[in-house]
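A closer look at the structure
Here is how the chains run, residue by residue.
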Amino acid sequence: MESTELFLRTIGAGTDIVSKEMFTFTDRGNRSMTLRPEGTAPVIRAAVEHGLIAPGSVLKVYYIATIYRYEHGQKGRYREHQQTGVEALGSGDPAIDAEVIHLAIEFYRLLGIDNAELQLNSVGCPECRPAFLNALVRYAEPRLDAMSADNQRRFRENPLRMLDSKDPRDQAILQEAPTVLDHLCPACRDHSDRLQEYLRALAIAYTLKPTLVRGLDYYTRTAFEIVSPLLGSQNAIGGGGRYDGLVEQCGGPPTPGIGFGIGTERVLMVLEQLGIPLPIEDERPDVFVAPLGEAARRAVVDLVASLRRKGMAVETDYLGRSLKAQLRTASKLGARWVAMVGEDELARNVVTLKDMEGSGQQVEIPVAELDGFLFRHRRTANGEQIPTPESEPAPESA
Ligand code: HAM
């Protein structure tokens, strides 16, 4: 949650996010607050507030954050989603643009997504953008009647945003519109050219997309998006760009910056389409402690806690059920072992361990040796049983 003003100032009043997608409310102190509709401005706000930005050095941060946008829900477009993002503050060198883009591409590649497309543009800077906006306005004005109501509004409020329109009528008209790339000042032109050289040197394929302006006003120069051919209309699995004026807008020293945000849910959708399984942790219990009788139920509270303290995944019964019912539950949960504790075991300070995989054998073990035994017989990370070392003295059969 942030003060609403932060987003008005940085994302821009004429953007869709600010004009219709923010969850904004007044708090008890009569302040206007907003659930963050993106991660970058809050990160910069925090970095400035906590003095993390030191002139002459580069600050690199990452975040995994919940993002809220009041959007029309559809596949891949949610009112609450997760973004994994990075921001690099302090350098205006196009080499760091290349590094940041490379990092995003590597992230997807390591997950197994290698058919995504990198779309690249430059949105210029406050030096060259006015001339471009002039050209865009001159082009759009005589064609306004044929455009959507939304774009007529954007024309008046924030003409650059006309290029964000998803309306096919607008898109057809704007296809022929003047492009930012044709209006870049020499410094922005040079930045864009050098970035493209670095990308080629890193063997990162890209498509230049002159209409890519992204939905946020803070971008300068580099703007990029990564789209997957496996998704429908909401096909951007990540996006980012440079924002050389943002730190100053947030009250910090003049500091260039660049970053990206990756949409977790969309990445998961792509992985599912590709049939790539997630490395899921084995959630099955190492042991199900099955107490029989009132005294045992009381005694195992301590046993369960102490096994958990040692890092073991433990389940037990709190319903006072029969052994048969407990074994059924243990089996349903996929417990590797069941440690049965009845009156007899209590008296002798042992448990009767039932092997729930393989032999189904029962063995008796002193409580003091239980954790050691269970550790030696743990499943590996991928759920397989670690074979018992030869040296392991076989527990005596009960
Ligand atoms: P963004 O393009 O608005 O950029 O969002 C980044 C990514 O979040 C999108 O590419 C998409 O994968 C995902 N995403 C966005 N909206 C939704 C939604 N409603 N439902 C599901 N996924 C969604 C930013 O927010 C910038 N802060 C990124 C950035 C960081 N630029 C510089 N640094």
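Described below are features of the structure shown in this document. If you're wondering where the values come from, they're calculated on a predicted model, not measured in any experiment.

Moving on, we come to the site of the ligand. Neighbouring the ligand are 27 residues, the closest being E38, E71, R214, Y219 and A236. Between the ligand and Y218, the relevant distance is 3.2 Å, taken from a nitrogen atom to a side-chain nitrogen or oxygen of the residue. A distance of 3.3 Å separates an oxygen atom of the ligand from a polar atom in the backbone of G238. Taken by itself the ligand offers 660 Å² of open surface, and the protein chains cover 96% of this. When residues of the shell around the ligand are traced back to their parent elements, those giving at least two are β5 (80-89), β9 (236-242) and β10 (257-263). Ranked by the residues each element gives to the shell around the ligand, the list is headed by β9, at six residues.

Let us look at helix α11 (residues 294-309). Between its first and last C-alpha atoms α11 spans 24 Å; for 16 residues at 1.5 Å apiece the expected length is 22 Å, and the two agree. Approximately 30 degrees is the largest bend angle found in α11, and it occurs at V300. When we look at burial in α11, the residues that qualify are A296, V300, L303, V304 and L307. The inward-facing, buried residues of α11 abut β11 (287-291), β12 (314-316), β13 (337-341), α13 (343-348), β14 (350-355) and α14 (367-376). One or two residues past the end of α11 sits G311, with phi positive at roughly 100 degrees.

Within this structure, the stated rule accounts for six aromatic pairs. Judged by centre distance (5.4 Å) and plane angle (65 degrees), the ring pair of F23 and Y70 falls under edge-to-face. Separated by 47 residues along the polypeptide, F23 in strand β2 (residues 23-26) and Y70 in the loop between β4 (59-68) and β5 bring together distant segments of the chain. Geometrically, the ring pair formed by W337 and F373 is edge-to-face, given 5.2 Å between the ring centres and 70 degrees between the ring planes. One end of the pair, W337, is in strand β13; the other, F373, is in helix α14, with 36 residues separating them in the sequence. The two residues W337 and F373 agree in class, both being buried. Sitting above the plane of the Y70 ring, R79 keeps its charged end 3.8 Å from the centroid. Here the guanidinium or amino end of R336 rests over the ring plane of W337, the centre of that ring lying 4.5 Å away.

With that settled, the discussion passes to the sheet that holds β10. Within a beta sheet, neighbouring strands are joined by backbone hydrogen bonds and run either parallel or antiparallel to one another. Spatial ordering of the open sheet is given by β4-β5-β10-β9-β8-β6-β7, a layout of seven strands whose pairing is mixed. Each edge of the open sheet carries a strand with a single partner, namely β4 and β7 (207-208). Sheet topology places β9 next to β10; five bridges connect them, and they run antiparallel. Residue pairing across strands places R242 opposite I258, the latter belonging to β10. Packed on one face of the sheet, helix α4 (residues 94-111) meets β4, β5, β6 (117-122), β8 (220-227), β9 and β10 and runs near 15 degrees to β10.

Reading guide: rules and limits
- Residues numbered from 1 in each chain as written.
- Predicted model: local features only at pLDDT ≥ 70, side-chain atom pairs only at ≥ 80, totals over all residues.
- Heavy atoms only, no water.
- Near = heavy atom within 4 Å.
- Polar contact = N/O pair within 3.5 Å; in protein donor to acceptor, adjacent residues only side chain to side chain.
- Areas by Shrake-Rupley, 256 points an atom, 1.4 Å probe, with all protein chains shown as cover.
- Helix = DSSP H or I, 4+ residues; strand = E, 2+ residues; numbered from the N terminus.
- Expected span 1.5 Å × (residues − 1).
- Bend = angle between axes of the 7 residues up to and from the residue.
- Buried < 20%, exposed > 50% of the residue type's maximum accessible area, 1.4 Å probe, protein only.
- Contact = heavy atoms within 4.5 Å.
- Phe/Tyr/Trp six-rings, centres within 6.5 Å; stacked < 30°, edge-to-face > 60°.
- Lys NZ or Arg CZ within 6 Å of the ring centre and 35° of its normal.
- Pairing = 2+ DSSP bridges.
- Axes fitted to C-alpha atoms, helices over the stretch in contact; angles between N-to-C directions.

That's the geometry; what it means functionally is another story.
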